[in-house]
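The chain contents come next:
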Amino acid sequence: MNRQFAAMLFGIAMLCAALGAAAEEVSSLRGHALTDASDPVLNKQTLAVPGGFQVGWEEQPPMIPHPIDKYSIDLRQNGCLKCHSQATFEANNAPKVADSHFYDRDGNRLDALAPRRYFCTQCHAPQAGAMPLVENVFERR
Ligand code: HEC
Ligand code: HEC
């Protein structure tokens, strides 16, 4: 092994060590090292928000203004559709799923809810009385 090659190997080894040390110092916004296992997700009770929410932009999925702890969505049934489907919304005085939920991705109108809209909570979020994970420092200018 000539000296230049040895020096190069030594350089690479030092670089790896430095990168390793830098990686260890990185921590998540929640204050954990990235190598820690994350906290288990707490099953917080979902809340009622009387009056609902304004949406921030036209195509935002509206947030869910009522608790959803008792409704589940699985292969056999969808608890949300007991009140929000075309057949049930009137009797439950609930808003009907949006018209957009009947179109497939190619723009074809379907007779029933589009499968891609089946998992409602993929887009519609409930509220929980949880403390913010990180402080919000946003300021409107
Ligand atoms: C027992 C009937 C019922 C069930 C079940 C139900 N909802 Fe609702 N939902 C309502 C009613 C009624 C409203 C109107 C606002 C209110 O009274 O809280 C509403 C409002 C909403 C809204 C707000 C719509 C808007 O335009 O702001 C969303 C989103 C929603 N529900 C989603 C869901 C999802 C997702 C599920 C299933 C996890 C679900 N709902 C289950 C009755 C129900
Ligand atoms: C892929 C995302 C997505 C999924 C999945 C989804 N929605 Fe929506 N939803 C939206 C968006 C975006 C809007 C608002 C824009 C619009 O009208 O399409 C909306 C609007 C709504 C509204 C308000 C309708 C109105 O007239 O104001 C209701 C109620 C609703 N969705 C219920 C549901 C229910 C119940 C499910 C499950 C069966 C569901 N959504 C699944 C994205 C989604």
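See the structure printed just above.
Conventions and cut-offs
Residues numbered from 1 in each chain as written. Chains lettered and ligands numbered in written order. Predicted model: local features only at pLDDT ≥ 70, side-chain atom pairs only at ≥ 80, totals over all residues. Heavy atoms only, no water. Near = heavy atom within 4 Å. Polar contact = N/O pair within 3.5 Å; in protein donor to acceptor, adjacent residues only side chain to side chain. Nonpolar A, V, L, I, M, F, W, Y, C, P; charged D, E, K, R; others polar. Helix = DSSP H or I, 4+ residues; strand = E, 2+ residues; numbered from the N terminus. Buried < 20%, exposed > 50% of the residue type's maximum accessible area, 1.4 Å probe, protein only. Contact = heavy atoms within 4.5 Å. Donors = N, O, S within 2.8 Å, 3.2 Å for Na, K, Ca; no water. Tetrahedral: all angles 85-135°; square planar, octahedral: opposite > 155°, others 65-115°.

**Student:** Could you give an account of the site of ligand 1, with specific residues and numbers?
**Tutor:** Around ligand 1, the surrounding shell holds 17 residues, and the nearest of these are H66, Y71, C80, C83 and H84. Residue H66 places a side-chain N or O atom 2.8 Å away from a nitrogen atom belonging to ligand 1. Residue classes in the shell around ligand 1 are distributed as eleven nonpolar, six polar and no charged.

**Student:** Describe the side chain of H124, listing the residues and the values that go with them.
**Tutor:** Here H124 shows up in the segment after α2 (81-84). The exposure class of H124 is buried, given its relative accessible area of 19%. Polar side-chain contacts of H124 include one of 2.7 Å to the backbone oxygen of P62. Those residues in contact with H124, other than ones at most four positions away along the chain, are P61, P62, I64 and H101.

**Student:** Give me the site of ligand 2: which residues, what numbers.
**Tutor:** The immediate surroundings of ligand 2 are formed by 22 residues, with S100, H101, C120, C123 and H124 found nearest. A distance of 2.5 Å is found between an oxygen atom of ligand 2 and a side-chain nitrogen or oxygen belonging to S100. Between ligand 2 and H101 there is a distance of 2.8 Å, counted from a nitrogen atom to a side-chain nitrogen or oxygen.

**Student:** Describe in detail the environment of P62, supporting the description with residues and values.
**Tutor:** Relative to the elements of secondary structure, P62 occurs in the loop between α1 (3-25) and α2. Put simply, P62 and R3 are 59 residues apart on the chain and 67 Å apart in space, counted from C-alpha to C-alpha. Non-local contacts of P62, meaning those with residues more than four positions away in its chain, are made with V55 and H124.

**Student:** Tell me what's going on with the coordination of the iron atom of ligand 2, and back it up with residues and numbers.
**Tutor:** Within the first shell, the iron atom of ligand 2 binds the protein through H101 (NE2) and H124 (NE2), at distances of 2.0 Å. Coordination at the iron atom of ligand 2 is octahedral, judged from the six donor atoms that bind it and the angles of 86 to 178 degrees they form at the metal. Taken together, the positions of H101 in the segment after α2 and H124 in the segment after α2 put the pair 23 residues apart, joining distant regions of the chain. For the pair shown, H101 and H124 are each scored as buried.

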